[in-house]
Amino acid sequence: QVQLVESGGGSVQAGDSLRLSCAASGRTFSRYAMGWFRQDPGKEREFVATINWSGGYTYYADSVKGRFTISRDNAKNTVYLQMNSLKPEDTAVYYCAAALTVVAGTAENEYGYWGQGTQVTCSS
């Protein structure tokens, strides 16, 4: 089992920054690829970013590329999502997810464990 707990969400103005954290417990965190997804009410959950087990490979959705950065600290069992230049369209519940593989892609079904989500609201 893997437990994931997100934190760091909040309400910001357009152009502001936030850093989300996801603390993992349970099985060996450093063996997993991790991802961030988001869901706005009335829309499907969408991929945001993924990072492989070592942090040496990252991949982003086009909508966040250049503004968001995913990183991880395996010593702290934590993955981060640094979000800069936030836009109103970034408003969503952000979910952390763990894949029981060393690298994962953009599909939800590659990730077996999910956090409860943290709300990010960006107003113009």
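Residues numbered from 1 in each chain as written. Predicted model: local features only at pLDDT ≥ 70, side-chain atom pairs only at ≥ 80, totals over all residues. Heavy atoms only, no water.

Along its length, the protein carries 0 helices and 11 strands. For the protein, the N- to C-terminal ordering of α and β elements is β-β-β-β-β-β-β-β-β-β-β. Taken against the 2.2 N^0.38 rule, which gives 14 Å for 124 residues, the C-alpha radius of gyration of the protein at 13 Å falls within 12% of a compact globule. Dimensions of the protein along its principal axes, counting C-alpha atoms only, are 40 × 25 × 25 Å. Of all 124 residues assigned to the protein, the portion counted as buried reaches 44%. Within the protein, residue pairs in contact and separated by at least 24 positions form 59% of the contacts whose partners lie at least 6 positions apart. A total of about 6,000 Å² of accessible surface is found on the protein, and carbon and sulfur atoms cover 46% of it. The protein carries 11 positive and 11 negative side-chain charges, and their two centres are separated by 7 Å. (Helix = DSSP H or I, 4+ residues; strand = E, 2+ residues; numbered from the N terminus. Rg over C-alpha atoms; globule rule 2.2 N^0.38 Å. Buried < 20%, exposed > 50% of the residue type's maximum accessible area, 1.4 Å probe, protein only. Contact = heavy atoms within 4.5 Å. Areas by Shrake-Rupley, 256 points an atom, 1.4 Å probe, with all protein chains shown as cover. Lys, Arg positive; Asp, Glu negative; His and termini not counted. Charge placed at Lys NZ, Arg CZ, Asp CG, Glu CD.)

This part takes up the nonpolar core. Formed by 37 residues in total, the largest nonpolar core has its most connected members in Leu4, Met34, Trp36, Val79, Leu81, Met83 and Tyr94. Per element, the largest residue contribution to this core is 6 residues, and it comes from strand S9 (residues 92–99). With sequence-adjacent residues up to four places away left out, Val79 is seen in contact with Leu20, Ser21, Cys22, Phe29, Met34, Trp36, Ile51, Ile70, Ser71, Arg72 and Cys96. (Core = buried A, V, L, I, M, F, W, Y, C linked by side-chain atoms within 4.5 Å.)

Inspection of every chain in the model, using the stated rule, returns 1 disulfide. Cys22 shares a disulfide with Cys96; S-S distance 2.1 Å. Between Cys22 and Cys96, the disulfide has an S-S torsion of -75 degrees and is therefore left-handed. Linking Cys22 in strand S3 (residues 18–26) with Cys96 in strand S9, this pair joins segments that are 74 residues apart in sequence. With a relative accessible area of 0%, Cys96 lands in the buried category. (Disulfide = S-S within 2.5 Å.)

Turning to the pairing of S9, a few remarks are in order. The buried count for S9 comes to 8 of 8 residues, which makes it a mostly enclosed element. With 7 bridges connecting them, strand S4 (residues 33–39) and S9 associate as antiparallel partners. Its bridge partner being in S9, Trp36 is matched across the sheet by Cys96. In the sheet, S9 pairs with strand S11 (residues 118–123) via 3 bridges, with the strands oriented antiparallel. Its bridge partner being in S11, Tyr94 is matched across the sheet by Thr118. Two elements, S9 and strand S10 (residues 113–114), share 2 bridges in a ladder whose sense is antiparallel. Counted as the bridge partner of Ala98 is Tyr113 from S10. (Pairing = 2+ DSSP bridges.)

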